[in-house]
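# Understanding the architecture of this molecule
As a plain string of letters, each chain reads:
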Amino acid sequence: MALPKQRHTRHRRDRARKQYDVQLVNTQECPKCKGRVLSHRVCPTCGFYKGKEMVKMAPKLEASKKSA
Ligand SMILES: [Zn+2]
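None of these values were measured; they are calculated from a predicted model.

## Remarks on the overall build of the chain
Per the secondary structure count, the chain includes two helices and four strands. When the helices and strands of the chain are read in sequence order from the N terminus, they spell out α-β-β-β-β-α. Taking 68 residues into account, the globule formula puts the C-alpha radius of gyration at 11 Å, and the chain, at 22 Å, lies well above it. Based on the C-alpha atoms only, the size of the chain along its principal axes is roughly 60 × 35 × 25 Å. Relative to its 68 residues, the chain shows a buried fraction of 9%. Restricting to contacts in the chain with at least 6 residues of sequence separation, those with at least 24 account for 0%. Put simply, the chain shows about 7100 Å² of open surface, and 54% of that area lies on carbon and sulfur atoms. A distance of 9 Å separates the average location of the 18 positive side-chain charges in the chain from that of its 5 negative side-chain charges.

## Side note on the coordination of the zinc ion
Within the protein, the zinc ion binds to Cys-30 (SG), Cys-33 (SG), Cys-43 (SG) and Cys-46 (SG); these donor distances fall in the range 2.2 to 2.3 Å. A residue is classified by how much of its surface remains accessible, and Cys-33, at 29% relative accessible area, is partly exposed.

## A look at unusual backbone geometry
Peptide bonds are trans in most cases, and residues, glycine excluded, mostly fall at negative phi. Positive phi is not limited to glycine here, since Lys-34 has a value of about 65°. Among the structural elements, Lys-34 can be located in the loop between β1 (28–29) and β2 (36–37).

## Quick word on the packing of aromatic side chains
All told, the structure shown has zero aromatic pairs when counted by the stated rule. Note that Lys-32 overlies the ring of Phe-48, its terminal NZ or CZ placed 4.6 Å from the centroid.

## Quick notes on the environment of Phe-48
Position of Phe-48 among the secondary structure elements: in strand β3 (residues 48–49). For Phe-48, a relative accessible area of 21% translates into the label partly exposed. Spatially, the C-alpha atom of Phe-48 lies 40 Å from that of Arg-15, the residues being 33 residues apart in sequence. Setting aside its immediate chain neighbours within four residues, Phe-48 contacts Lys-32, Val-42, Cys-43, Glu-53 and Met-54.

Rules of the game
- Per-chain numbering applies: the sequence of each chain, read as written, is numbered from 1 onward.
- Restriction of local features to residues with pLDDT of at least 70 applies here, the model being predicted, together with a cutoff of 80 or more for giving and counting side-chain atom pairs; totals for whole chains, interfaces and linings are based on all residues.
- Heavy atoms from the whole structure form the basis of all side-chain values; hydrogens and water molecules are not counted.
- Only DSSP runs of H or I covering at least 4 residues are called helices, and only runs of E covering at least 2 are called strands; the numbering of each starts at the N terminus.
- The globule rule used for comparison is 2.2 Å times the number of residues to the exponent 0.38, while the radius of gyration itself is calculated over C-alpha atoms.
- Relative accessible area decides the class of each residue, using a 1.4 Å probe on protein chains only: under 20% of the type maximum gives buried, over 50% gives exposed, and in between gives partly exposed.
- A contact between two residues is defined here by any heavy atoms of the two lying within 4.5 Å.
- Residue exposure ignores everything except the shown protein chains as possible cover, and the areas themselves are Shrake-Rupley values with a 1.4 Å probe.
- Only four residue types enter the charge count, namely Lys and Arg as positive and Asp and Glu as negative; His and the chain termini do not.
- Lys charges are placed at NZ, Arg charges at CZ, Asp charges at CG and Glu charges at CD.
- Metal coordination here is assigned from N, O and S atoms located within 2.8 Å of the ion, or within 3.2 Å for Na, K and Ca; omission of water means that sites may look incomplete.
- Classification of ring pairs uses Phe, Tyr and Trp, with its six-membered ring standing for Trp, and accepts pairs whose centres are within 6.5 Å; under 30 degrees between planes counts as stacked, over 60 as edge-to-face, and the remaining range as tilted.
- Charge-over-ring contacts are defined here by two conditions on Lys NZ or Arg CZ: a distance within 6 Å of the ring centre and an angle within 35 degrees of the ring normal.

Listed below in structure tokens is the structure:
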């Protein structure tokens, strides 16, 4: 296993650890279903991209059917 030659300063160590935090992802509103979508991606809720249906989404089960 690689062995570091010299220790890093506290600043370098802490600067690197700053990247471990969970970072917020920028999302946009889907024009069709108003859900949150990553840009340049098909909407995970309705399967639309640029106004066209790209992915056929399975029909949602009703709440009463799920519990039964
Ligand atoms: Zn959508």
